[in-house]
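Chain by chain, the residues run as shown.
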Amino acid sequence: MDKIEKSKRISDAVGELDEDIVAEADGERRISANENIVNSGERVGKRPVIVSKKKKILIPAVSLAACVAITLGIIFGGGNGNPNIFDLPVYAEVLAEAKYPYAVPYPDESGYVSDSEREQWYDQKKERNKMWENIDTKALNNFTCNTVCQFLKNSDEKNPVYSPANLFMALSMLAELTDGESRSQILELTGFGNIEELRRQAAALWKAFYRNDGATTTVLANSLWLNSAAEFKNDTIKRLADEYFASVYRGDPAEEKTLASIRNWIKEQTGGFLKEAADDLTVDPETVMLMCSALYFKARWNNEFNPDKNDRRIFYGVNGETEAEFMNGVTTQYYFGGDYTSVRLYFTDGCDMWFILPDEGKTVDDVLSSGEYIEMVSNPSNWENNQYIQVNVSVPKFDVSSDTDIVGGLKELGVRDVFDPVRADFSPLADNEYGAIWVDRVQHAARVSIDEEGCTAAAFTVMMANTGAMAPEEEIDFVLDRPFVFMITSGSGVLFAGAVNDLK
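Fair warning: this is a prediction, and the values are worked out from it, not measured in the lab. (Residues numbered from 1 in each chain as written. Predicted model: local features only at pLDDT ≥ 70, side-chain atom pairs only at ≥ 80, totals over all residues. Heavy atoms only, no water.)

Across its full length, the protein carries 13 helices and 21 strands. Of the roughly 20400 Å² that the protein leaves accessible, carbon and sulfur atoms contribute 43%. (Helix = DSSP H or I, 4+ residues; strand = E, 2+ residues; numbered from the N terminus. Areas by Shrake-Rupley, 256 points an atom, 1.4 Å probe, with all protein chains shown as cover.)

Compared with an ideal rise of 1.5 Å per residue, which puts 14 residues at 20 Å, helix α5 (residues 164–177) spans 20 Å between its outermost C-alpha atoms and is within 8% of the ideal. With respect to burial, α5 is a largely interior element, 14 of its 14 residues being buried. (Expected span 1.5 Å × (residues − 1). Buried < 20%, exposed > 50% of the residue type's maximum accessible area, 1.4 Å probe, protein only.)

If you check helix α9 (residues 256–269), its first and last C-alpha atoms are 20 Å apart, about what 14 residues at 1.5 Å a residue would give, namely 20 Å. Inspection of α9 places T258, L259, I262, R263, W265, I266, K267 and Q269 among the buried residues, and these make up the whole buried set. Directly after α9, the chain includes G271, whose backbone phi takes a positive value near 60°.

Once that is clear, we can look at the packing of aromatic side chains. Applying the stated criterion across every chain yields a total of 19 aromatic pairs. Ring centres of F168 and F192 lie 6.3 Å apart, and the angle between their planes is 80°; on these two criteria the pair is classed as edge-to-face. Remark: F192 occurs in the loop between α6 (180–190) and α7 (195–209) and F168 occurs in helix α5; sequence separation between them is 24 residues. Residue F168 is classed as buried on the basis of its relative accessible area of 2%. Taking relative accessible area as the criterion, F192 reaches 7% and is therefore assigned buried. One aromatic cluster in this structure is built from F297, W301, F305, F347 and F496. Over the ring of F326 we find R313; its NZ or CZ atom is 5.9 Å from the centre of that ring. (Phe/Tyr/Trp six-rings, centres within 6.5 Å; stacked < 30°, edge-to-face > 60°. Lys NZ or Arg CZ within 6 Å of the ring centre and 35° of its normal.)

Applying the stated criterion across every chain yields a total of 16 salt bridges. Across the pair R300 and E304 runs a salt bridge, and its minimum N-O distance is 2.6 Å. Looking at E304, the relative accessible area reads 39%, which means it is partly exposed. Each of K267, K275 and D279 takes part in salt bridges that share partners, so that together they form one network. (Salt bridge = Lys/Arg side-chain N within 4 Å of Asp/Glu carboxyl O.)

We now examine the environment of P421. Turning to its location among the elements, P421 is positioned in the loop between α13 (407–412) and β17 (437–450). Residues P421 and V439, 18 residues apart in the sequence, show an inter-C-alpha distance of 8.1 Å.

A word on the confidence of the model for the protein. The predicted model of the protein has a mean per-residue pLDDT of 77, with 76% of residues at 70 or higher. The secondary structure element of the protein with the lowest average pLDDT is strand β3 (residues 61–63), at 26, and the one with the highest is α6, at 97. Here residues 468–472 is modelled with pLDDT under 50, and outside its nearest four sequence neighbours on either side it reaches four contacts, counting other chains as well. (pLDDT = per-residue confidence, 0-100. Contact = heavy atoms within 4.5 Å.)

We now examine the packing of α5 against α6. Each pair of packed helices gets described by two things: the angle between the helix axes and the distance between those axes. Relative orientation of the contacting elements α5 and α6 amounts to 155°, with a least axis distance of 9 Å. Between α5 and α6, the interaxial angle falls into the category roughly antiparallel. Note on packing geometry: the crossing formed by α5 with α6 is left-handed. On α6, the residues touching F168, L171, L174, A175 and E176 of α5 are R183, I186, L189 and T190. (Axes fitted to C-alpha atoms, helices over the stretch in contact; angles between N-to-C directions. Parallel < 35°, antiparallel > 145°, perpendicular 65-115°, else oblique. Left-handed = near helix turned anticlockwise from the far one by under 90°.)

This part is about the side chain of D352. Secondary-structure assignment places D352 in strand β14 (residues 352–358). Only 3.4 Å separates the side chain of D352 from the side chain of R344, close enough to count as a polar contact. Not counting residues within four places of it along the chain, the set of residues in contact with D352 comprises R344, L345, Y346, F347, M487, I488 and T489. (Polar contact = N/O pair within 3.5 Å; in protein donor to acceptor, adjacent residues only side chain to side chain.)

Time to look at the environment of G361. Relative to the helices and strands, G361 is located in the loop between β14 and α11 (364–370). A residue is classified by how much of its surface remains accessible, and G361, at 76% relative accessible area, is exposed.

Among the nonpolar cores identified, the biggest contains 120 residues, and F297, M353, F355, Y373 and F398 are the most heavily contacted of them. For this core, the element with the most residues is α5, which contributes nine residues. Ignoring any residue separated from it by four or fewer positions in sequence, one finds F398 in contact with M353, F355, V448, S449, I450, F484, F486, V500 and L503. With 13 residues, the next largest nonpolar core counts W225, L259, I266 and C292 among its residues. (Core = buried A, V, L, I, M, F, W, Y, C linked by side-chain atoms within 4.5 Å.)

Now for unusual backbone geometry. The phi torsion at F245 lies on the positive side, around 55°, for a residue other than glycine. On the secondary structure map, F245 appears in the loop between α8 (234–243) and β9 (246–250). With relative accessibility at 8%, the residue F245 sits in the buried group.

All right, on to the packing of α5 against α7 then. α7 packs onto α5 with a crossing angle of 145° between their chain directions and a minimal axis gap of 10 Å. For α5 against α7, the interelement crossing comes out left-handed. On α7, the residues touching A165, F168, M169, S172, A175 and E176 of α5 are I195, L198, R199, A202, L205, W206 and F209. Tallied by class, the residues present in the contact of α5 with α7 amount to 10 nonpolar, one polar and two charged. (Nonpolar A, V, L, I, M, F, W, Y, C, P; charged D, E, K, R; others polar.)

Moving on to the side chain of R199. With respect to the secondary-structure elements, R199 resides in helix α7. The class for R199 is buried, based on a relative accessible area of 17%. In this structure the side chain of R199 is engaged in a polar contact, spanning 2.7 Å, whose partner is the side chain of E176. Not counting residues up to four positions away in its chain, the partners in contact with R199 are E176, R239, E243 and Y244.

Looking down a regular strand, the side chains alternate between one sheet face and the other. The buried fraction of strand β13 (residues 340–346) amounts to six of the seven residues, a majority that puts the element mostly inside the structure. Relative to β13, strand β12 (residues 320–336) runs antiparallel, the two being bridged by two bridges. In the sheet register, F336 faces β13, and the bridge partner there is T341. If you look at the hairpin formed by β12 and β13, you'll find three residues sitting between the two strands. (Pairing = 2+ DSSP bridges.)

See below:
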């Protein structure tokens, strides 16, 4: 049977995996896939994880309201006398394809909108907001606070960007691939006692975040790229497809055609916002599995800035003064904490962007270390330290990015065994016949950009395994002309967090 015919049969089976189609008749080692791993419902989600027979693991990721990218690497260890199984010619095939849930279009009042269309949109918004009743926001806030502090602190000489939502989903999937103490350490960091509860929380969080109505886009996407020459435990692969909205593909991730498909998948899921990072993605020749996770965010301000009101000002960064273009507008609510002041700017459809300015004499690290801000941004309606007052906001236009290896940070947060070739337990993914399997590298790259119209953000994680109010009577000025923190939130969750220390 030639490759075209095999692809046709797989397509005709609507993604159902049939071993007679997937396996070669000559007895070559192939992925065991007797079960149907097609997404049973509509799904969204994609993330890359790569597995190879080497003693390393590599994973890339993308996320942020301007842009964030996380790269995580996992490699299967070899050296146990097994024959080389990576010399066989392979090609990418679609085994299961994630489908996004239907999103009712945003009722743009600039044109005609029927009552029925408006009601459908609001009904869907209510359903999405109701998902937060199923989410343990205390555990989520603890995870966000701990990881934001870890990955944004000590960053005086750079502009760090990080996506708590993207890392949470990536770690949830990683937990599915591990067992024993390796899994326990991930569960402890995420704040859940067992994999079943973490799985439920990840699913609820995905549904609570998802927006794709033409006005706001928040899409979490996942995918698996399986090497045809390796054998995996189908129950685990099926679970990732069913529970995490993961598309599943088969081929050689290191082959140029397959690698091009992976890059295009990342670019598509991040709206082209991480094109350069995706094009730079490389895969170890011995990679046997790659898991990708992406987060894309794009939204318009509820009240856009008027470009005619922009002006030039000095930004007093940690490395000197820089002249920058500032956008000027007005809001009517002012927040404050023990060592900072803050304003919240709204996007259409409920998402927000917070700007947190440390008090004079305080630093970004001081604000992050206190952790006080997390309760404010996750539950602003109950934050007592606020007042309604005219706030004249001046925000610099910025496009910041960072690229950081976060293995050290994850170890400090208690996730250690997955990086140890002796202690790592990846038994749910594959038997140990190929040698040790452990995570070798976790890279988080990010970029965030805002302008007069709104904000765009994206992040991807790749894991590779080788073996209204009353008018105020007074007003204040809120000028972000020195280092500050920003956060993009949806409901009670933080999609992106970052710090702007310099605008050079």
